[in-house]
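So the chains spell out like this:
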Amino acid sequence: MTTIKVLLADDQTLLRSAFRILVDSEPDMQVVGEASDGAQAYELTRSTGADVVLMDIRMPGVDGLAATRMISEDPELTGVRVVILTTFEVDDYVVQSLRAGASGFLGKGAEPDELLNAIRIAAAGEALLSPVATKGLIAKFLAQGDSSGDGGPAGQGAERLSTLTGREREVLVLVAGGLSNDEIAAQLAVSPLTVKTHVNRAMAKLGARDRAQLVVIAYESGLVRPRVQ
């Protein structure tokens, strides 16, 4: 069994201790380090070979948002997935974290099983959005952020979409809708392997680290429009 190496980044010692006990109780994952600020989180991510970083946004010094960006921009850490932990599940910090390269986010009040599942989802390269934060709200904040001009890694999405084939664009729309490869395959009447190939090609062409970044690009480019609530 492959062990998922997890790094905990939070300025609250008690919270880190609780997360460590929970994560280390699972046979397929292990805590490899703890950080109390963003700078330490970045350094430990490099030195421990972590697969998934549970990252608090609000930390002293270098915050979780900056640390997430540092990790995502490091070419030696392309396989690392960052899951943002926050008490404020729907705010502009969350959107910025997705732009900075996070694979998703989860509320600190999530149930233990939700947290463990989040780690597994992120390690598998899937996009993670907590149940409380609906796709419509995510879309709304992405749209607001895009109009403010603070771009991010997906800022050039509209131009880059021209590199996609028609089928890749179609798959991208369905990925942005939160569908899994199996669900997309059923809808398009193709195999899950074919869908995975299209997703991987779209990620490569658009410079996306994972499916979460594809979702950001789909909205910021205008390929998918926010739903009116």
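Right above here is the structure, for reference.
Values in this document were obtained by computation on a predicted structure and should not be read as measured data. (Residues numbered from 1 in each chain as written. Predicted model: local features only at pLDDT ≥ 70, side-chain atom pairs only at ≥ 80, totals over all residues. Heavy atoms only, no water.)

Participant: What exactly am I supposed to notice about the overall build of the protein here?
Facilitator: Counting its regular elements, the protein contains 11 helices and six strands. Of all 229 residues assigned to the protein, the portion counted as buried reaches 48%. Restricting the contact set of the protein to residue pairs at least 6 apart, pairs at least 24 apart contribute 68%. With an accessible surface of roughly 10,300 Å², the protein has 53% of that area assigned to carbon and sulfur atoms. (Helix = DSSP H or I, 4+ residues; strand = E, 2+ residues; numbered from the N terminus. Buried < 20%, exposed > 50% of the residue type's maximum accessible area, 1.4 Å probe, protein only. Contact = heavy atoms within 4.5 Å. Areas by Shrake-Rupley, 256 points an atom, 1.4 Å probe, with all protein chains shown as cover.)

Participant: I keep staring at the pairing of strand β5 (residues 104-107) and nothing clicks. Help me out?
Facilitator: It is a general feature of regular strands that their side chains alternate between the two faces of the sheet. Burial along β5 is two-sided: the face carrying G104 and L106 and the face carrying F105 and G107 are both buried. When strand β4 (residues 81-86) meets β5, the two strands line up parallel, connected through four bridges. Bridged to I84 within β5 is F105. (Pairing = 2+ DSSP bridges.)

Participant: Please explain the side chain of T68 as it appears in this structure.
Facilitator: Locating T68 in the fold gives a position in helix α3 (residues 64-73). The class for T68 is buried, based on a relative accessible area of 0%. Not counting chain neighbours up to four residues away, the residues in contact with T68 comprise M55, V82, I84, S97, A100, G101 and A102.

Function cannot be read off these values alone, since they describe shape.
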